[in-house]
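Residue-level listing of the chains:
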Amino acid sequence: MTKRSVPRYPEDDGGGGCCGVFCWCCCILLLIVAAIAGAVAYAFFVYKPKAPSYSVSNMSVSQFDFSSSDLTLYTKLVATVRAENPNEMIGINYGDGSHTVVSYRGTPLCSGHLPTFFQGFKNVTVMDISMEGRHGFGSGLQSALEESEKEGNVPLDVFVSVPVSLRFGSLDIREVKVNVHCALVVDSISPKKKPTIKSATYQANIQF
């Protein structure tokens, strides 16, 4: 009687199981990404988000004193900022931690902050932002400022940084930081004369 050999099968090293789990995880991940993309597309379709706009509409100077003894400049001014929310279904929360700075040729003059408030749908809010400062100011920069005053063209940079969160209906999404740079040219920055804004350009970005 001939002996029958027992058939041998290749050993299972478990690779197939790992591959299946990996494919299953990839499928779940793709479904999550697709769901998020769909939700974002739905939000854009329903809420039609539009970027808010900001502008400096007015400025007044109550103090602008230069001390020759310690080369220090004391400044107090009020900038009127107009914030427009053009969205019909999106509100904007302005949170704590905002910061505003006015500078001349890279040297800070004064600083302040925005109020915390909620801006509703299709809303325009006008804010008077009080700023003051005491900064070192070299004699060379003072001469340049006096020359700008004589020419009636004083370049100022207004920087605004504010944390905001958007409200879609009743849902608040994560907070981001909005940074706005306004390059102004005014005819004067003397307390004896109300400044007139001759030109203004704006740049804005969002910091996640």
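An account of the accompanying structure is given in this report. (Residues numbered from 1 in each chain as written. Predicted model: local features only at pLDDT ≥ 70, side-chain atom pairs only at ≥ 80, totals over all residues. Heavy atoms only, no water.)

## Details of the side chain of Asn93
Put simply, the rule reads: Think of it this way: any DSSP run of H or I at least four residues long counts as a helix, any run of E at least two long counts as a strand, and we number them from the N terminus. Contacts: residue pairs with any heavy atoms within 4.5 Å of one another.
Relative to the helices and strands, Asn93 resides in strand E3 (residues 90-94). The contact partners of Asn93, leaving out residues within four places of it in the chain, are Phe117, Phe118, Pro163, Val164, Ser165, Arg167 and Asp172.

## Let's talk about the environment of Lys177
Going by this rule: Only protein chains enter the accessibility calculation, which uses a 1.4 Å probe; a residue whose area is less than 20% of its type maximum is buried, one above 50% is exposed, and one in between is partly exposed.
Within the secondary structure layout, Lys177 lies in strand E10 (residues 176-186). The class for Lys177 is partly exposed, based on a relative accessible area of 32%. C-alpha of Lys177 to C-alpha of Asn205: the two residues are 28 residues apart in sequence and 8.5 Å apart in space. In this structure, Lys177 is in contact with Ser161, Val162, Pro163, Asn205, Ile206 and Gln207, ignoring residues within four places of it in sequence.

## Side note on the nonpolar core
Spelled out, the test is: Remark: nonpolar core denotes a set of buried residues (Ala, Val, Leu, Ile, Met, Phe, Trp, Tyr, Cys) joined through side-chain atoms within 4.5 Å.
Counting 37 residues, the largest nonpolar core has Tyr94, Val102, Tyr104, Leu109, Leu156 and Ile189 as its most contacted members. In contact with Tyr94, other than residues within four places in its own chain, are Tyr54, Ala83, Pro115, Thr116, Phe117, Gln119, Val162, Pro163 and Val164.

## Observations regarding unusual backbone geometry
Residues other than glycine seldom take positive phi values, yet Leu71 does so here, at roughly 50°. With respect to the secondary-structure elements, Leu71 resides in the loop between strand E1 (53-67) and strand E2 (72-85). On the accessibility criterion, Leu71 (38% relative accessible area) is partly exposed. Even without glycine at this site, Arg105 takes up a positive phi of about 50°. Relative to the helices and strands, Arg105 resides in the loop between strand E4 (99-104) and strand E5 (107-112).

## Some details on the side chain of Asn87
Heads up, the rule is: The definition of a polar contact used here is a pair of N or O atoms within 3.5 Å, where within protein one atom must be able to donate a hydrogen and the other to accept one, and adjacent residues in sequence count solely through side-chain atom pairs.
Tracing the chain through its elements places Asn87 in the loop between E2 and E3. Among the polar contacts listed, one links the side chain of Asn87 to the side chain of Asn85, at a separation of 3.0 Å. What Asn87 contacts, discounting residues up to four positions off in sequence, is Lys48, Pro49, Lys50, Phe121 and Lys122.

## Remarks on the pattern of salt bridges
Rule in force here: We count a salt bridge whenever a side-chain nitrogen from Lys or Arg sits within 4 Å of a carboxyl oxygen from Asp or Glu.
As enumerated under the stated definition, the model contains 3 salt bridges in all. Note that Asp172 is salt-bridged to Arg167, the shortest N-O span being 2.9 Å. With a relative accessible area of 26%, Arg167 lands in the partly exposed category. Two residues, Lys193 and Asp187, come together in a salt bridge whose shortest N-O distance is 3.1 Å. Overall, Asp187 belongs to the buried group, its relative accessible area being 13%.

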